[in-house]
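The lines below spell out each chain.
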Amino acid sequence: MDQFIVKPLFGDGPVHWYTPTNVTLWMGLAVLAIILVLVVGTRGRAIVPTRIQSIAELAYGFIHKMVEDVAGKEGLKYFPLIFTLFLFIVFANFLGLLPRSFTATSHVAVTGVLALMVFVGVTVLGFVRNGAGFLGLFWVSSAPLALRPVLALIEVISYFVRPVSHSIRLAGNMMAGHAVIKVFAGFAAIAVISPLSIVAISAMYGLELLVSFIQAYVFTILTCVYLKDALHPHH
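Numbers given for residues are sequential positions, taken from 1 along each chain in its written order. Only residues with pLDDT of 70 or above have their local features reported here, since the model is predicted, and side-chain atom pairs are shown and tallied only from 80 upward, although totals for entire chains, interfaces and linings are computed over all residues. Hydrogens are left out, water is left out, and the side-chain values use all remaining heavy atoms of the structure.

Structural notes on a nonpolar patch on the surface
And step 1. Taken together, the side chains of Leu9, Phe10, Leu25, Leu29, Val31, Leu32, Ile35, Leu36, Val39 and Val40 present a nonpolar region at the surface, about 850 Å² in accessible area.
And step 2. A helix here means a DSSP run of H or I that spans at least four residues, while a strand means a run of E at least two residues long, and both kinds are numbered starting from the N terminus. Along the polypeptide, Leu25 turns up in helix α1 (residues 22-40).
And step 3. Here's how the labels work: a residue is buried when its accessible area is under 20% of the maximum for its type, exposed when over 50%, partly exposed in between, all with a 1.4 Å probe on protein chains only. Relative accessible area serves as the criterion here: at 38%, Leu25 is assigned to the partly exposed category. Note on patches: the residues involved have over 30% relative accessible area and no salt bridge, like charges join within 9 Å, and the nonpolar side chains Val, Leu, Ile, Met, Phe, Trp and Tyr join within 5 Å. Accessibility throughout is a Shrake-Rupley quantity obtained with a 1.4 Å probe, and a residue counts as covered only by protein chains that appear here. Just to be clear on terms, a salt bridge is a Lys or Arg side-chain nitrogen sitting within 4 Å of an Asp or Glu carboxyl oxygen.

Below, the structure written as structure tokens:
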């Protein structure tokens, strides 16, 4: 598990909240990669798009449609935030697959901040837009009256569990995939099974590419679902 250890970039001292670390470096590289693709790669705005421009346009259209389909046209107001979340997560995931890199999204400290930002943001938005009517999200009016208080308690608990599941799902999947690849890599040193180990590593690496995108997609679509609840809290 040494590949997940947070280390300072300079020296070997303790890690404080202000210490530049390998996590800081690879999150910064993810942001830089996003800027290169979206700003530098699309500044020409060619009628016949280049490959980078095509990637940027496809990503934009993909997330725009997701927000509109899940949260409705009202949700498009918050499209820049959701698009930024998706790009940051997917770039951090893909950069973490490079040799000798660090996967920032394998740490709950990173994914937890993203999940809390979404949780607090949609909760505040829900109360600002709907006032006390936002509490209707927890009241299942279609259920029998005797069951409504019990269901309301369950809804409240599930609501406050959202940031936990939202963050652990992403971090857990990224950590598990990298750990499995490391395990298979350990068997590559054994001559008898090294060919099988290399095949397994290649297969897992391909799977991790898919998982990296899917987990970014899942995090983003859940954000859209939570946004929809804030905009339209009626159960």
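So, the environment of Val110
And step 1. Checked against the element boundaries, Val110 lands in helix α4 (residues 108-130).
And step 2. Of the residues examined, Val110 reaches a relative accessible area of 10% and is grouped as buried.
And step 3. Taking C-alpha positions, Val110 is 8.4 Å from Ala171, a pair spaced 61 residues apart along the chain.
And step 4. The contact criterion used throughout is that any non-hydrogen atoms of two residues lie within 4.5 Å. With sequence-adjacent residues up to four places away left out, Val110 is seen in contact with Val23, Met27 and Ala104.

A short note on the layout of surface pockets
And step 1. Any residue with an atom within 4 Å of a point lines the site, the site being either a cavity, points on a 1 Å grid over the protein atoms alone where a 1.4 Å probe fits but cannot get out, or a pocket, an open set with protein on both sides within 12 Å along at least 5 of 7 lines. Grid points are joined across faces, edges and corners, and a volume is the space filled by probe spheres set on the points. The calculated volume of the largest pocket comes to roughly 610 Å³.
And step 2. What lines the largest pocket is a set of 21 residues, among which Gln3, Pro99, Arg100, Ser101 and Phe102 lie closest to the centre.
And step 3. Of all elements in the fold, only α1 and α5 (148-187) reach the threshold of two or more residues within the lining of the largest pocket.
And step 4. The greatest single-element share of the lining of the largest pocket, amounting to 4 residues, is contributed by α5.
And step 5. Of the residues assigned to the lining of the largest pocket, the class counts are 10 nonpolar, 7 polar and 4 charged. Side-chain classes follow a simple rule in which Ala, Val, Leu, Ile, Met, Phe, Trp, Tyr, Cys and Pro form the nonpolar group, Asp, Glu, Lys and Arg form the charged group, and the remainder, Gly included, forms the polar group.

Remarks on the packing of aromatic side chains
And step 1. Pairing of aromatic rings covers Phe, Tyr and Trp, the last through its six-membered ring, and needs centres within 6.5 Å; plane angles under 30 degrees mean stacked, over 60 mean edge-to-face, and all others mean tilted. Tallying each qualifying case throughout the model produces 14 aromatic pairs.
And step 2. The interplanar angle of 15 degrees and the centroid separation of 5.3 Å between the aromatic rings of Phe79 and Phe83 together place this pair among those described as stacked. You can see Phe79 and its partner Phe83 sitting in helix α3 (residues 79-95), 4 residues apart, about one turn around the helix.
And step 3. Assessed through its relative accessible area of 9%, Phe83 is described here as buried.
And step 4. When the ring of Tyr159 is compared with that of Phe160, the centres are 5.8 Å apart and the planes differ by 85 degrees; the resulting orientation is edge-to-face.
And step 5. Here Phe160 falls in the exposed class, since its relative accessible area comes to 52%.
And step 6. Within the aromatic cluster, the residues linked to one another by ring pairs are Phe119, Phe127, Phe134, Phe138, Tyr159 and Phe160.

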